[in-house]
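Single-letter residue listing:
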Amino acid sequence: MNRKYAIGVDYGTQSGRAVLVDLSNGHEVADHVTPYAHHVIDERLPHSGEALEADWALQHPLDYIEVLTTSIPEVMKQSGIDPADVIGIGIDFTACTMLPITELHEPLCTLPAYQDNPHSWVKLWKHHAAQDEANLINEMAAKRGEKWLARYGGKISSEWMLAKIWQILNEAPEIYEAADQFVEATDWVISQLTGQITRNSCTAGYKAIWHKQDGYPSEAFLASLDPRLEKLADTKLRGDIVPLGTKAGELNEKLAALTGLRPGIAVAVGNVDAHAAVPAVGVVTPGKLVMAMGTSICHMLLGDEEKEVEGMCGVVEDGIIPGFYGYEAGQSAVGDIFEWYVDEAVPAYVKEEAAQAGVSVHEWLEGKAALQQPGQSGLLALDWWNGNRSTLVDTDLTGLLLGCTLLTKPEEIYRALLESTAYGTRKIVDAFRSSGVAVDTLYACGGLPQKNRLLMQIYADVTNMEIRVADSKHTPAVGAAMFAAVAAGPEAGGYATIVEAAENMARVREEALRPNPEHAAVYEELYQEYVTLHDYFGRGGNDVMKRLKNLKKHY
Ligand SMILES: Nc1ncnc2c1ncn2[C@@H]1O[C@H](COP(=O)(O)OP(=O)(O)O)[C@@H](O)[C@H]1O
Ligand SMILES: O=C(CO)[C@H](O)[C@H](O)COP(=O)(O)O
């Protein structure tokens, strides 16, 4: 039999990537990236140009289709593979990235009647403007003793589905009414490939408070928030919820023609980016923390038992790999903080010197920062440029840089920002361990491990742990292709289970990053200072960040 292949498509924050993967060994035969034409929409609405309020982050759903129709033909062309040997397609997505759609699955924002209403657009995972709703959900759930709250670390995030839907209902009831369903973008793209909505258990479990045995929060709870939400689960979130690796359907004629693939091949149900990456680095057992490192970091871990961990994003049975409890925690800005610094705060001379040296500003700063020793700059930062997603779960917290003097250099600030994100990860590791969930080894994948070696060494030193790095360029996409192989099944040349797919296809580099003991000792001291600042500004010692944010609201 000829070699068989699957397509994995990874939808990130700024772009989507398609990868053609060899199912015999997980090798990425060809890949192609399509940046989103409309980028992240966080300042002005397309078409009307209306200014968006603070903390909004939207996307254009047709950018997602463009990824399919541009990147898939491109990988097919690059590889020269016969479409007859491509047996399936799978996708992974940022989440909770959600949109209102009509009965015909049209995004409301693509219809002239709704396009000028910001609530008709895709709300991206980092849309944080539903914090008031999230606070009320948490208050009410705690008051009623809702048992699901513990599964989400004691707090639902403003990023999650219910907070976003309730914000739509509060601020644009006409959009709530017009929406036939609210769907995760990952499920919407699958509906475009297959013709029907199939909701996946991963986004439903982590982002929409759905539980395998108990379903969604009860009607009584939803009605206690707002009587108009009482029937939400049975109406606008309706439909069966199926496990990862399930075949959602077959590729329809329209998308087959647009992508150059054969109609009828298996389409796997949607998945989340970080979750898809776990089997792709070969992690199918507990104790191995996988960090999907890009714009943000998601920390993924398997466990044998369901434990309560402060501020985790969630624990979902079978949520990552069947047979285990899948834990997720995360930092809502990592690469985004470095990008902010490079775009908004670096002096002109740095940009000029980087240009002269023929390197990016990131690379220039990394090179200079690597010459510094831990503690040498006297700087310490809190990594809350986009709020805190674990362990405090509070998007009203903001960033902090301490210790600047008239001699502080840009590369020192850059290094302090890299370090702050490593401390944030260490805090998450400590939270798992103190709740009895083992973390023995770190695995890293995503864009950052390939882009910044210093960053990765700092993570090894701050956590004092070895880090295994993925040997794939687009790890979540390889994971999505693995789930496609499972959806296609052994009869088509795929696999029976994701564990079997991982045994054959997962890849990590031989060489691991090891902590430097001298650096680790200094970082231990600095981390304790970080913890002091974390608790002081994050646990009510001084709510100055919130007061400042409130003042800002007057402008
Ligand atoms: N050399 C670098 N060092 C550190 N961060 C970088 C570097 N180059 C780009 N970045 C950051 O990487 C992030 C994008 O990560 P990537 O994994 O490629 O995408 P995504 O988060 O969309 O999946 C951006 O936030 C950007 O600031
Ligand atoms: O919440 C998440 C997954 O549960 C991710 O952080 C979010 O999807 C963004 O991912 P990325 O930083 O790779 O763009």
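Each value, and the rule that gives it
Residues numbered from 1 in each chain as written. Chains lettered and ligands numbered in written order. Predicted model: local features only at pLDDT ≥ 70, side-chain atom pairs only at ≥ 80, totals over all residues. Heavy atoms only, no water. Helix = DSSP H or I, 4+ residues; strand = E, 2+ residues; numbered from the N terminus. Rg over C-alpha atoms; globule rule 2.2 N^0.38 Å. Buried < 20%, exposed > 50% of the residue type's maximum accessible area, 1.4 Å probe, protein only. Contact = heavy atoms within 4.5 Å. Areas by Shrake-Rupley, 256 points an atom, 1.4 Å probe, with all protein chains shown as cover. Lys, Arg positive; Asp, Glu negative; His and termini not counted. Charge placed at Lys NZ, Arg CZ, Asp CG, Glu CD. Near = heavy atom within 4 Å. Polar contact = N/O pair within 3.5 Å; in protein donor to acceptor, adjacent residues only side chain to side chain. Pairing = 2+ DSSP bridges. Axes fitted to C-alpha atoms, helices over the stretch in contact; angles between N-to-C directions. Salt bridge = Lys/Arg side-chain N within 4 Å of Asp/Glu carboxyl O. Phe/Tyr/Trp six-rings, centres within 6.5 Å; stacked < 30°, edge-to-face > 60°. Nonpolar A, V, L, I, M, F, W, Y, C, P; charged D, E, K, R; others polar. Parallel < 35°, antiparallel > 145°, perpendicular 65-115°, else oblique. Core = buried A, V, L, I, M, F, W, Y, C linked by side-chain atoms within 4.5 Å. UniProt positions renumbered as here; feature names shortened; annotations may be inferred.

Student: Mind showing me how you'd approach the overall build of the protein here?
Tutor: A count of helical and extended segments in the protein gives 19 helices and 22 strands. Computed over its C-alpha atoms, the radius of gyration of the protein comes to 23 Å, within 12% of the 24 Å expected for a compact globule of 555 residues. Taken along the three principal axes of its C-alpha coordinates, the protein extends 65 × 55 × 50 Å. Burial statistics for the protein: of 555 residues in total, 61% are counted as buried. In the protein, once contacts between residues fewer than 6 apart in sequence are set aside, the share between residues at least 24 apart is 73%. Of the roughly 21000 Å² that the protein leaves accessible, carbon and sulfur atoms contribute 50%. For the protein, the separation between the mean place of its 46 positive charges and that of its 76 negative charges on side chains is 1 Å.

Student: So what exactly am I meant to see when it comes to the site of ligand 2 here?
Tutor: As a matter of local geometry, ligand 2 sits amid 13 residues, with Thr13, Thr94, Lys207, Ser296 and Glu328 nearest to it. Within the side chain of Glu328, one N or O atom sits 2.7 Å away from an oxygen atom of ligand 2. The side chain of Arg389 places a nitrogen or oxygen atom 2.9 Å from an oxygen atom of ligand 2. In the complex, 92% of the free accessible area of ligand 2, which totals 380 Å², lies under the protein chains.

Student: Is there a simple way to explain the sheet that holds strand β16 (residues 314-317) in this structure?
Tutor: The strands that make up a sheet are held in pairs by hydrogen bonds between backbone atoms, and each pair lies either parallel or antiparallel. One open sheet holds the seven strands; their spatial order is β16-β17-β15-β14-β20-β21-β22, and the pairing between them is mixed. Single-partner strands in this sheet number two, and they are β16 and β22 (508-513). The mean inter-strand angle of the sheet, taken between neighbouring strand axes irrespective of direction, is 25°. Pairing of β16 with strand β17 (residues 325-331) involves four bridges; the strand directions are antiparallel. Directly across from Val316, in β17, lies its bridge partner Gly326. Set on the sheet, helix α13 (residues 410-434) makes contact with β14 (288-293), β15 (297-303) and β17; between it and β17 the angle comes to about 150°.

Student: What exactly am I supposed to notice about the pattern of salt bridges here?
Tutor: Charged atoms that come close allow side chains of opposite charge to pair. Tallied over the full model, the rule gives 29 salt bridges. Note that Glu317 is salt-bridged to Lys212, the shortest N-O span being 3.8 Å. Of this pair, Glu317 sits in strand β16 while Lys212 sits in the loop between α6 (201-207) and α7 (219-225), placing them 105 residues apart in sequence. Since its relative accessible area comes to 44%, Lys212 is described here as partly exposed. Look at the salt bridges and you will find they share partners, linking Glu28, Asp471 and Arg507 into a network.

Student: Mind showing me how you'd approach the packing of aromatic side chains here?
Tutor: Two numbers describe a pair of aromatic rings. These are the distance of the centres and the angle of the planes. Using the criterion set out here, one finds 15 aromatic pairs in the structure. With a centroid separation of 4.8 Å and an interplanar angle of 90°, the aromatic rings of Tyr64 and Phe93 are classed as edge-to-face. In this pair, Tyr64 sits in helix α1 (residues 61-79) while Phe93 sits in strand β5 (residues 86-93), placing the two residues 29 residues apart along the sequence. Under the relative-accessibility criterion, Tyr64 is labelled buried at 0%. You can call Phe93 buried: its relative accessible area is 0%. Every member of this aromatic cluster is reached through a ring pair, and the members are Tyr11, Tyr36, Tyr64 and Phe93.

Student: Even after reading the chapter, I still don't get the site of ligand 1, so can you show me in this structure?
Tutor: Not every one of the 17 residues close to ligand 1 is listed here, only the nearest: Thr295, Gly335, Gly447, Lys451 and Asn452. Thr295 is positioned such that a nitrogen or oxygen atom in its side chain is 2.4 Å from an oxygen atom of ligand 1. Gly447 is positioned with one of its backbone polar atoms (N or O) 3.0 Å from an oxygen atom of ligand 1. Coverage of ligand 1 by the protein chains reaches 85% of its 580 Å² of free accessible surface. When contributions to the shell around ligand 1 are tallied by element, the ones reaching two or more residues are α10 (335-345) and α14 (447-451). Looking at the shell around ligand 1, its residues break down into four nonpolar, nine polar and four charged.

Student: Please explain the packing of helix α12 (residues 361-369) against α13 as it appears in this structure.
Tutor: What describes two packed helices is the angle between their axes and the distance between those same axes. Closest axis-to-axis distance for the α12/α13 pair is 8 Å, and the angle between their directions is 90°. The angle between α12 and α13 falls in the class roughly perpendicular. Two secondary-structure elements touch here, α12 through His362, Trp364, Leu365, Glu366, Lys368 and Ala369 and α13 through Pro410, Glu411, Tyr414 and Arg415. Across the contact of α12 with α13, the residue classes tally to five nonpolar, one polar and four charged.

Student: Would you mind showing me how to read the packing of α13 against helix α18 (residues 517-538) here?
Tutor: At their nearest, the axes of α13 and α18 sit 10 Å apart, and the two run at 80° to each other. As far as their axial angle goes, α18 and α13 are roughly perpendicular. Contacts between α13 and α18 pair Arg415, Glu419, Ser420, Tyr423, Gly424, Arg426, Lys427 and Asp430 from the former with Tyr523, Glu524, Leu526, Tyr527, Tyr530, Val531 and His534 from the latter. Looking at the contact of α13 with α18, its residues break down into six nonpolar, three polar and six charged.

Student: Got a minute to help me understand the side chain of Asp85 in this structure?
Tutor: Here Asp85 shows up in the loop between α1 and β5. Judged by relative accessible area, Asp85 falls into the buried class, the value being 10%. A distance of 3.1 Å separates the side chain of Asp85 from the side chain of Lys4, its partner in a polar contact. Dropping the residues within four chain positions of it, Asp85 is found in contact with Asn2, Arg3, Lys4 and Tyr5.

Student: Help me understand the nonpolar core in this model?
Tutor: Nonpolar side chains in soluble globular proteins generally cluster together in the buried interior. Grouped together as the largest cluster of nonpolar side chains are 67 residues, with contacts concentrated most on Phe432 and Ile467. Among the elements that make up this core, the one with the highest residue count is α13 (eleven residues). Residue contacts for Ile467: discarding those within four places in its chain leaves Met291, Leu442, Tyr443, Ala444, Met456, Tyr459, Ala460, Ala512 and Leu513. Ranked by size, the runner-up nonpolar core spans 46 residues in total, among them Leu23, Val316, Ile321 and Ala488.

Student: I would appreciate a short explanation of the UniProt feature "domain: Carbohydrate kinase FGGY C-terminal" (unreviewed entry) in the protein in the present structure.
Tutor: The UniProt record annotates "domain: Carbohydrate kinase FGGY C-terminal" (unreviewed entry) at residues 290-488. Taken as a whole, residues 290-488 contains 43% helix and 19% strand, while its terminal C-alpha atoms sit 26 Å from one another.

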